[in-house]
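Letter by letter, the chains look like this.
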Amino acid sequence: MPTDQQSFTLDNCKIPFSPGQTIMDAALAAKTYIPHLCHFPGISPQGNCKLCTVKIGTRQVAACTTLAEPDIVVESEIQELTDARRALTQMLFIEGNHICPSCEKTGNCSLQAMAYHLGMEDNHFPQFFPQREVDASHPQIWLDRDRCILCSLCVRASQEADGKHVFAIAGRGLDAQLIVNSSSGKLAESDLAPEDLAARICPVGAILIKEVGYQTPIGQRIFDQHKIDEIGLEQVILAHNTTATRDE
Ligand code: SF4
Ligand code: FES
């Protein structure tokens, strides 16, 4: 570490950072994992999932949206936060219809992998069984809102990487859902293309490329071969989704 480089402490490790860097970005650059579902390198953070919550003293903050500061002491891998992250993950599962055995994303899904990572053995809370609209109108892309965790990665990717503004999140609380910016509100009338980052970034089985399902044998799926706390795994996930797109 250069002598003028600033640093903070994360779970007893010194993490160097540059001014303007978030705790999450500095930690990832130092190859230290903080659980996250709505953060993606290069896409501006929004703090939706709260899986990345860490403690600075008695204060709880989202690591993905909080700037690193010199000499702060940050706790992440502590039982209290693991329990809270497991409860958040359980809430995500019961709020949607995450029936993994019948979902094409199983084995390649970050939500499922997070549940395994946190030792989640049941859903704990009563299941909501929502009935939200599936959009199958696009010839190549499928949108199942019952599996959407409202991470907004597709919204941000469409704006920042694709320059298209295809998605937005509308409504509040339990009524919040992903909407499509087209005259009919359907994907078919939108500009979304299978090559777009917005079509490939979904961490769960909400946005899928059609006609390429179940192509990876069990044992070779992303999370059969990788643990979610591997640094740089986002690029592996993207590469997998890109292959699915190319084969289409
Ligand atoms: S469709 Fe996928 S990427 Fe978009 S908000 Fe929902 S979970 Fe996130
Ligand atoms: S990764 Fe920070 S809130 Fe989701």
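As recorded by an unreviewed UniProt entry, the chain carries the name [NiFe] hydrogenase diaphorase moiety small subunit and is attributed to Nitrosomonas halophila. Under the heading Sequence similarities (unreviewed entry), UniProt records this for the chain: "Belongs to the complex I 75 kDa subunit family."

Student: Looking at this model, I keep getting lost on the site of ligand 1. Mind explaining?
Tutor: The full set of residues close to ligand 1 is Cys148, Ile149, Leu150, Cys151, Ser152, Cys154, Leu178, Cys202, Pro203, Val204, Ala206 and Ile207. Per-class residue counts for the shell around ligand 1 are 11 nonpolar, 1 polar and no charged.

Student: Mind showing me how you'd approach the pattern of salt bridges here?
Tutor: Two side chains carrying opposite charge are able to pair once their charged atoms lie near each other. Applying the stated criterion across every chain, the model contains 8 salt bridges. A salt bridge links lysine 186 to glutamate 133; the nearest nitrogen and oxygen atoms lie 2.5 Å apart. Taken together, the residues span a long stretch of sequence, with lysine 186 in the loop between strand 9 (177–180) and helix 5 (197–200) and glutamate 133 in the loop between helix 3 (110–117) and strand 6 (134–135) at a distance of 53 residues. Taking the relative accessible area as the measure of exposure, lysine 186 reaches 28% and is therefore partly exposed. With relative accessibility at 43%, the residue glutamate 133 sits in the partly exposed group. With a closest N to O distance of 2.8 Å, lysine 164 and aspartate 196 form a salt bridge. With lysine 164 in the loop between helix 4 (153–160) and strand 8 (167–170) and aspartate 196 in the loop between strand 9 and helix 5, this pair connects stretches of sequence that are 32 residues apart. Using a relative accessible area of 10% as the deciding quantity, one classes aspartate 196 as buried.

Student: Mind showing me how you'd approach the domain arrangement of the chain here?
Tutor: Interface extent is often summarised as the accessible area lost during association of the parts. One can read the domain layout of the chain as domain 1 (6–77) and domain 2 (82–247). Computed over C-alpha atoms only, the centres of domain 1 and domain 2 are separated by 24 Å. With 26 residues of domain 1 at the contact, the number on the domain 2 side is 26 residues. With both chains or domains summed, domain 1 and domain 2 bury close to 2000 Å², and 63% of this area falls on carbon and sulfur atoms. A per-residue breakdown of the area domain 1 buries against domain 2 is headed by Tyr33, Leu37 and Phe40, which together make up 37% of the total. Here domain 1 is connected to domain 2 by 1 salt bridge. Put simply, glutamate 77 and arginine 85 hold a salt bridge, and the shortest N to O gap is 4.0 Å. Viewed at the interface, domain 2 and domain 1 are joined by 10 residue pairs in polar contact (both at pLDDT 80 or more). When grouped by side-chain class, the residues that make up the side of domain 1 that touches domain 2 number 14 nonpolar, 9 polar and 3 charged.

About the thresholds
- Residues numbered from 1 in each chain as written.
- Chains lettered and ligands numbered in written order.
- Predicted model: local features only at pLDDT ≥ 70, side-chain atom pairs only at ≥ 80, totals over all residues.
- Heavy atoms only, no water.
- UniProt positions renumbered as here; feature names shortened; annotations may be inferred.
- Near = heavy atom within 4 Å.
- Nonpolar A, V, L, I, M, F, W, Y, C, P; charged D, E, K, R; others polar.
- Salt bridge = Lys/Arg side-chain N within 4 Å of Asp/Glu carboxyl O.
- Helix = DSSP H or I, 4+ residues; strand = E, 2+ residues; numbered from the N terminus.
- Buried < 20%, exposed > 50% of the residue type's maximum accessible area, 1.4 Å probe, protein only.
- Domains from an automatic or database assignment.
- Contact = heavy atoms within 4.5 Å.
- Buried area = accessible area lost by both parts, 1.4 Å probe.
- Polar contact = N/O pair within 3.5 Å; in protein donor to acceptor, adjacent residues only side chain to side chain.

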